[in-house]
Amino acid sequence: MTQLLPTRAAALDRLVRFTPLMGRSYADRRNADPGPEAERDGWPEHVSKLSPYLRYRLVDEREVLAAALGAHGPDKAEKFVSEVLWRGYFRGWLEQRPGTWPAYVAGRDAALALVDANGGVARDYRAACEGRTGIDCFDAWATELTTRNWLHNHARMWFASIWIFTLRLPWELGADFFMRHLIDGDSASNTLSWRWVAGLHTRGKAYAARAENIARYTGGRFAPTGLVEEVEPLVEAGEVPRVAFAPPPVPQPAGDWALVLHEGDTGIAAPIDRAPSRVIGLASPDPRAAPAVRAFAEGALADAVARAGEIYGCPGVVVQEAAAIADAAAGAMPVAPYVPVGALGDRGGLPVATFVREYDAAIWPLGTAGFFKVKTGAPARLRALGLPA
């Protein structure tokens with residue numbers, strides 16, 4: 001796979017290149033995973049390659065949706081628009097059920113302890129991570145994930161289903177495996193997608209990886225055998241209560257302010273009517289993540305800090321600890337994009353005022369139940385943001 005450059009320039013270049021394919025071409029081909037041999041320039045031609053950039057907000061959802069809707073209109077771009085909206089849906093759902101994240105972390109840590117204590121589980125877990133299960137497609141995807149730090153979206157669902165229902169490994173270990181290796185790994189999308197496959201997100205409805213479906217959408221590259229195709233959804237006790245999402249008020253600094261960027265959002269625009277006196281980047285990628293994942297996160301942050309310093313005409317600095325933000329701000333009021341529920345928050349809260357972007361404030365509150373409410377409610381909210389939805 002061609003190396004992705006963690007810069008906004010690279011993101012905008014890809015956005016321009018893929019915009020012509022965001023309509024019917026995407027709708028017709030989005031489920032196909034033709035494999036590395038069918039790639040051009042290191043990627044399947046019909047894959048947008050935008051997810052890592054959206055993950056760090058080197059481009060944001062409004063820019064991508066504006067391109068799709070402007071070029072193809074709401075009808076032809078509907079499938080692509082829905083894929084972008086799923087990201088906002090998962091973020092909003094998790095923000096409104098924040099207890100889901102610590103429950104996942106507790107389950108992950110318990111499963112990792114089980115790996116340490118149980119030789120059989122450890123053997124099966126290592127075989128899955130190293131692509132030594134004997135299931136042809138699964139082993140190929142495990143290798144692709146650890147060497148290329150990416151998987152096709154359809155392959156992610158098949159992989160998760162096989163991990164949970166055929167290999168019978170804890171789903172939290174699979175979600176953790178993805179988060180450590182995916183260059184576009186996002187706490188909300190990753191965790192809730194695994195829960196969806198397992199039958200925990202939409203209660204009682206699990207996703208089965210079927211050999212015929214895999215063979216069809218991979219162009220016959222794989223012929224898996226031994227898959228469990230009649231699956232029973234996992235169950236869990238109780239239900240995490242929902243807390244309605246209410247964006248905090250936009251900060252109104254009386255004097256100088258400092259823009260604080262972090263791996264959850266490197267977008268340099270801010271809803272304050274004057275430029276910051278300095279820009280601070282908090283470099284805190286997950287230490288358990290693969291080197292390529294950490295490098296992309298650090299590169300995205302460095303690019304954003306450099307661009308913001310140039311545009312705002314102020315000094316920029318990168319710090320390694322949240323506690324260092326106050327000193328780096330040099331008396332200015334630190335202001336950051338909202339830190340969503342997930343891994344970044346677990347590594348320490350930010351001693352800053354935060355703001356929620358208009359797109360998030362519009363879409364996240366719709367994530368109260370299933371995706372349908374987002375899909376039907378989003379057009380009016382996108383039009384209110386100036387998009388031709």
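As a reminder, the structure under discussion sits directly above these lines.
Residues numbered from 1 in each chain as written. Predicted model: local features only at pLDDT ≥ 70, side-chain atom pairs only at ≥ 80, totals over all residues. Heavy atoms only, no water.

Examining the packing of helix 8 (residues 136-148) against helix 9 (residues 153-166)
- Axis separation between helix 8 and helix 9 bottoms out at 10 Å; the angle between their running directions is 115°. Regarding helix 8 and helix 9, the two cross each other, and that crossing is left-handed. On the side of helix 8, the interface is formed by Cys 137, Phe 138, Trp 141 and Ala 142, while helix 9 contributes Ala 155, Trp 158, Phe 159, Ile 162 and Trp 163.
- Taken together, the residues of the contact of helix 8 with helix 9 sort by class into nine nonpolar, no polar and no charged. (Axes fitted to C-alpha atoms, helices over the stretch in contact; angles between N-to-C directions. Helix = DSSP H or I, 4+ residues; strand = E, 2+ residues; numbered from the N terminus. Left-handed = near helix turned anticlockwise from the far one by under 90°. Contact = heavy atoms within 4.5 Å. Nonpolar A, V, L, I, M, F, W, Y, C, P; charged D, E, K, R; others polar.)

Observations concerning the packing of aromatic side chains
- Here the structure, examined in full by the defined rule, presents 27 aromatic pairs.
- Ring centres of Tyr 26 and Phe 80 lie 5.2 Å apart, and the angle between their planes is 85°; this geometry places the pair in the edge-to-face category. With Tyr 26 in helix 2 (residues 24-29) and Phe 80 in helix 5 (residues 78-96), this residue pair connects regions lying 54 residues apart in the sequence.
- Assessed through its relative accessible area of 4%, Phe 80 is described here as buried.
- Aromatic pair Tyr 56 and Phe 296: ring centres 5.6 Å apart, planes at 45°, arrangement tilted. In this pair, Tyr 56 sits in helix 3 (residues 51-56) while Phe 296 sits in helix 13 (residues 291-312), placing the two residues 240 residues apart along the sequence. (Phe/Tyr/Trp six-rings, centres within 6.5 Å; stacked < 30°, edge-to-face > 60°. Buried < 20%, exposed > 50% of the residue type's maximum accessible area, 1.4 Å probe, protein only.)

Topic: helix 8
- With 13 residues, helix 8 should cover 18 Å at 1.5 Å per step; its first-to-last C-alpha distance of 18 Å lies within 8% of that length.
- For helix 8, the complete set of buried residues consists of Cys 137, Phe 138, Asp 139, Trp 141, Ala 142, Glu 144, Leu 145 and Arg 148.
- Where the residues of helix 8 are buried, they touch helix 7 (119-129), helix 9, helix 10 (171-181) and helix 12 (211-217).
- Looking one or two places after helix 8, you find Asn 149, whose phi comes out positive at around 60°. (Expected span 1.5 Å × (residues − 1).)

A look at the pairing of strand 4 (residues 333-337)
- The element strand 4 is extensively covered by neighbouring structure, given that four of its five residues are classed as buried.
- Inspection of the sheet shows strand 1 (residues 257-262) paired to strand 4 by three bridges, in the parallel sense. For Trp 257, the partnering residue across the bridge sits in strand 4 and is Met 333.
- Relative to strand 5 (residues 353-355), strand 4 runs parallel, the two being bridged by three bridges. (Pairing = 2+ DSSP bridges.)

Considering unusual backbone geometry
- One non-glycine residue, Lys 49, lies in positive phi territory at about 65°.
- Mapped onto the secondary structure, Lys 49 falls in the loop between helix 2 and helix 3.
- Since its relative accessible area comes to 12%, Lys 49 is described here as buried.
- Within the chain, Arg 57 stands out as a residue other than glycine whose phi angle is a positive 60°.
- With respect to the helices and strands, the residue Arg 57 is situated in the loop between helix 3 and helix 4 (61-76).
- Classification of Arg 57 by relative accessible area gives buried; the value is 7%.

Examining the side chain of Thr 100
- By the element assignment, Thr 100 lies in helix 6 (residues 100-117).
- What makes Thr 100 buried here is its relative accessible area of 4%.
- Not counting residues up to four positions away in its chain, the partners in contact with Thr 100 are Trp 93, Leu 94, Leu 192, Arg 195 and Val 240.

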